[in-house]
Each structure stands twice: as structure tokens, then as C-alpha cells.
Amino acid sequence: MTETIEPHGGQLVDLLDRDAERAVDEAAQLPKVALGRREQADYEMLATGAMSPLAGFMVEKDYRAVLDEMRLASGLVWSIPITLSVNDEGVKRIGGADAVALTVDDRPVGTLDVEEVYRRDREVEARAVFQTTDRKHPGVAALERSGDWVLGGRVRAFGLPRHDTFAEHRRTPAETRAAFRERGWRRVVGFQTRNPVHRAHEYIQKCALEIVDGLLLHPLVGETKEDDVPADVRMRCYTVLLDGYYPKDRVLLSVFPAAMRYAGPKEALFHALVRKNYGCTHFIVGRDHAGVGTFYGTFDAQKIFERFDPEDLGITPLMFEHAFWCHRCEGMATPKICPHRDEDRLILSGTKVREMLRNGERPPPESSRPEVADVLIRAMSDRD
Ligand SMILES: [Zn+2]
């Protein structure tokens, strides 16, 4: 059976060097560069092919092309720079070496062939990626903390960062592709989330599932803001929701190792392109995808897709409005299909839902499934 969709750029990258022992010995001789938490996530995605066609951290011509045109130097669409930072002291320590060892917790996991060392253009990068230079933006703040210099070059991986969590839900792009093949899915919709799934998102996922064969529920488990719901709590929410309300043979729950950047539209595009590598043919883009605060317009993340030819993207974005329970429709709805007034609709703000949960109160079942609410109530009372 053929694949659901070609990877971005045509070929799934695999940077894992199977001759690990030799590679580890070689790495021991090289200057070391410690990967930060975000870089560990990027490294893992590079190594497993989730970032195909990238085979390493970006060299300057790709970095510039991404910032200026949302494309790699090859012309392929790409919206987020994937960079490895070092500070002045790091550059001195590397001292012109051809290769460095990349480490996680002092353990080498791979090497980088140093093709280029170039200076990061913080202001241009912040404006291009986040559309602001305001340090209150978590992505801009992270950029400010990063080193002044960037190492670009090919990665050779002989290990991945170790994870103690979600082992049964960790799948590389090759593995999700194999899982889709096994299930006979030809058309698969990907859903990115960093939140528990409430009725509104359940409705959107199921609307999408009506027109394809399978759903990849792909929650992001890399670094997020402190006030986001922790990944282990979210995973419990997804499990009880899927057990109770989704047909088992239509959904694959798998974790997405990326870190959040909160780059709104640019990150929505990035999220779609990398899901193509995982084998998704369709990708759900909701309102305020990957947004934070009021930095982006509600539908900016949907509009950015219109700037590209569908063939350049490959994956098909599915745009959704916000969903709610309507008492008069007697069902879930969106402004697209429901003619009623706000008074007829159950609309609870995220703040209100959190407040109810914190008080040990289940939100109405039309807003959150009781099983999901109970997981969140328990998590909040454990934390206090
Ligand atoms: Zn209605």
C-alpha cells in the first residue's frame, strides 16, 4: 500500500547513525555544546525526520530565507528558524573545530558538522517570527536569552534525549506512517494541542474525521509556558476522552516532542508542515492557533495558508471557527451553521472553566466531558 502523503521535500530524513559505539568514541574527542531544552526538542525532531527535509541546524542562507520569505534557500516553504545557539564563550571553546558533540545532561547524543558560525539577528528574527519585539512575548523572551551566535550544519545522531514519560505514545514519523498503513488509513487529519480537549475541540476533530479515515491526536509535550496545563495531566484527559467517546480504530494518540514557540501564524504553518512528515494529509487550524495573549488576530493563523499554492504546502489545512453548545440547535455548533443568538449558546471563557475546576466544580457536560473535568479537578487539588 502506498504512503498517505510524501514527506516535505519528498524524502523522510533519518539522521540516526546505527554504529553508535564508534560515533560515541569520536564524539568524546570533540568540543561539547550543551543543548538547551528547546534545542533538545528540535534535535529530536531533526534526528527522527520530523523536520524533513532539514538534516541539521540551519546555515545562514536558510535562516535568512526563512525570515525574509518563509522559505528555505531551496525554495521549499518553511516558516520557523531551527537554530543552535552559542554565546561568545562557546564560540571560543569551539575554536574553529570542524565538528562538535551535542550533549544532553552532559551525555553526548550526537554531533554537528560545523559548516558555519554566524551572528543571530535578534530584532529581524523577532519581527519575522513573532511579529513583535515585546519581551512580554514568551518567544521573544526566549530569543533574548539565547546566545549571540548560531552554529549551522549537519547533525549525526546516535541517541535521543531520554524521556521517562509517555513511552507507549512516542512515535517517530516513520512509526506513525507505519501505524497509518497498518490501519489502512489513506487520509489522516492531524490535531495539534497543548490544552485538554473540551467539547468544542472534540466537535471540530469529529467534523474533520467525518471526511477522512483517521485522526492523529498529536499533543505537544515539549516545553510550554508555566501556566499551561502540564503534559501528564493532559495525557490523562486525552485517554479518558478517547476511551469514552471516540471509536478506537479511528484515532491514534501520539505525542509531539516539539517545544512551543507561541509564534501564532508562523507556528501554525510549521505545525502543519511537520505533521505532513508524520504522514497527515490534513491538518486542523483553529482560531488563534499557537497564539499567546493578544499578539495575533483570531484568524491570522488561518489566513497565512492562503499565501501559498496548495501544491507548495502538500498538506491540506482545515479551518474551523470556534464551536459551542447551542440550546436551540440542541447540539454542538459554530457561527457557520447556527443562526441563533449568543443567549441561546453556552459560551464559557477559559478563565471561567478554570475557576470552576479549581473550585472542584464540573463545568456543564455540554462544555466539558465529566471524565475530563474530573481529571482536571483532581490535578488541581493535588497541586494545592
Ligand atoms: Zn443554534
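Here, the structure is the one placed above.
Let me sum up the structure you'll find in this document.

So, how was this worked out
Residues numbered from 1 in each chain as written. Predicted model: local features only at pLDDT ≥ 70, side-chain atom pairs only at ≥ 80, totals over all residues. Heavy atoms only, no water. Helix = DSSP H or I, 4+ residues; strand = E, 2+ residues; numbered from the N terminus. Rg over C-alpha atoms; globule rule 2.2 N^0.38 Å. Buried < 20%, exposed > 50% of the residue type's maximum accessible area, 1.4 Å probe, protein only. Contact = heavy atoms within 4.5 Å. Axes fitted to C-alpha atoms, helices over the stretch in contact; angles between N-to-C directions. Parallel < 35°, antiparallel > 145°, perpendicular 65-115°, else oblique. Left-handed = near helix turned anticlockwise from the far one by under 90°. Nonpolar A, V, L, I, M, F, W, Y, C, P; charged D, E, K, R; others polar. Donors = N, O, S within 2.8 Å, 3.2 Å for Na, K, Ca; no water. Tetrahedral: all angles 85-135°; square planar, octahedral: opposite > 155°, others 65-115°. Salt bridge = Lys/Arg side-chain N within 4 Å of Asp/Glu carboxyl O. Phe/Tyr/Trp six-rings, centres within 6.5 Å; stacked < 30°, edge-to-face > 60°. Lys NZ or Arg CZ within 6 Å of the ring centre and 35° of its normal. Polar contact = N/O pair within 3.5 Å; in protein donor to acceptor, adjacent residues only side chain to side chain. Core = buried A, V, L, I, M, F, W, Y, C linked by side-chain atoms within 4.5 Å. Pairing = 2+ DSSP bridges.

Let us now look at the overall build of the protein. Summing up its helical and strand segments, the protein has 14 helices and 15 strands in all. Its C-alpha atoms give the protein a radius of gyration of 21 Å, within 12% of the compact-globule value 21 Å for 384 residues. Its C-alpha atoms put the protein at 70 × 50 × 45 Å along the principal axes. Every one of the 384 residues in the protein was classed for burial, and the buried ones make up 54%. Contacts in the protein between residues at least 24 apart in sequence constitute 73% of all its contacts with a sequence separation of at least 6.

For the rest of this paragraph, the subject is the packing of helix α5 (residues 122-130) against helix α6 (residues 138-145). Direction vectors running N to C along α5 and α6 enclose 155°, while the axes themselves pass 10 Å from each other. In terms of their interaxial angle, α5 and α6 are classed as roughly antiparallel. In this structure, the crossing between α5 and α6 has a hand that is right-handed. Listed contacts from α6 to Arg122, Glu125, Ala126 and Phe130 of α5 are Gly139, Val140, Leu143 and Glu144. When grouped by side-chain class, the residues that make up the contact of α5 with α6 number four nonpolar, one polar and three charged.

Our focus in this paragraph is the coordination of the zinc ion. Within the first shell, the zinc ion binds the protein through Cys326 (SG), Cys329 (SG), Cys338 (SG) and His340 (ND1), at distances of 2.1 to 2.3 Å. Geometry at the zinc ion is tetrahedral, judged from its four donor atoms and the angles of 100 to 115° they form at the metal. Mapping the donors of the zinc ion onto the primary sequence gives the spacing C-x2-C-x8-C-x1-H. Note that Cys326 is positioned in strand β13 (residues 324-326) and Cys338 in the loop between β14 (331-333) and β15 (345-346), a separation of twelve residues in sequence. Since its relative accessible area comes to 5%, Cys338 is described here as buried.

Counted under the stated rule, the structure contains 26 salt bridges. A salt bridge links Glu223 to Arg37; its shortest N-O distance comes to 3.7 Å. On the criterion of sequence distance, the pair formed by Glu223 in the loop between β9 (214-219) and α9 (231-245) and Arg37 in helix α2 (residues 37-48) is long-range, its members being 186 residues apart. On the basis of relative accessible area, Glu223 is assigned to the partly exposed category, the value being 26%. Linking Arg156 and Asp113 is a salt bridge whose minimum nitrogen-to-oxygen distance equals 2.8 Å.

All right, on to the packing of aromatic side chains then. Per the stated rule, a full pass over the model turns up four aromatic pairs. Judged by centre distance (5.5 Å) and plane angle (50°), the rings of Tyr63 and Tyr118 are tilted. On the criterion of sequence distance, the pair formed by Tyr63 in helix α3 (residues 60-69) and Tyr118 in strand β6 (residues 116-119) is long-range, its members being 55 residues apart. Since its relative accessible area comes to 4%, Tyr118 is described here as buried. The residue whose ring lies beneath Arg183 is Trp185, and the NZ or CZ to ring-centre distance is 5.6 Å. When the ring centre of Phe270 is taken as reference, the NZ or CZ atom of Arg261 above it lies at 5.8 Å.

A few words now on the side chain of Thr281. Mapping Thr281 onto the fold places it in the loop between α10 (265-277) and β11 (282-285). We classify Thr281 as buried; its relative accessible area is 8%. Within the structure, Thr281 has its side chain in polar contact with the backbone nitrogen of Val188 (distance 2.9 Å). Beyond its immediate stretch of four places on either side in the chain, Thr281 contacts Thr4, Ile5, Arg186, Arg187, Val188, Ile315 and Thr316.

So, about the nonpolar core. The biggest cluster of nonpolar side chains holds 73 residues, and the ones touching the most others in it are Trp78, Ile82 and Leu102. The residues contacting Ile82, other than those within four sequence positions of it, are Asp42, Leu46, Met51, Leu54, Phe57, Met58, Arg261 and Phe270. Among the nonpolar cores identified, the runner-up in size contains 39 residues, and Val197, Val233, Ile284 and Leu376 belong to it.

Take the sheet that holds β14 next. The three strands are arranged β14-β13-β15 in an open sheet whose pairing can be described as antiparallel. Whereas interior strands pair on both sides, the edge strands pair on one side only; in this sheet they are β14 and β15. Across two bridges, the pairing between β13 and β15 is antiparallel. Paired with Trp325 across the two strands is Leu346, which belongs to β15.

Negative phi characterises most residues that are not glycine, and trans characterises most peptide bonds. The linkage connecting Ser52 with the following residue, Pro53, adopts the cis geometry, with an omega of 10°. For Pro53, the location among the structural elements is in the loop between α2 and β2 (56-57). With a phi close to 55°, Phe166 is a non-glycine residue in the positive phi region. As for its position among the elements, Phe166 is in the loop between β7 (149-157) and α7 (173-183). Of note in this structure, Glu330 is not a glycine but carries a positive phi near 55°. Note on placement: Glu330 falls in the loop between β13 and β14. Given the relative accessible area of 66%, Glu330 is considered exposed.

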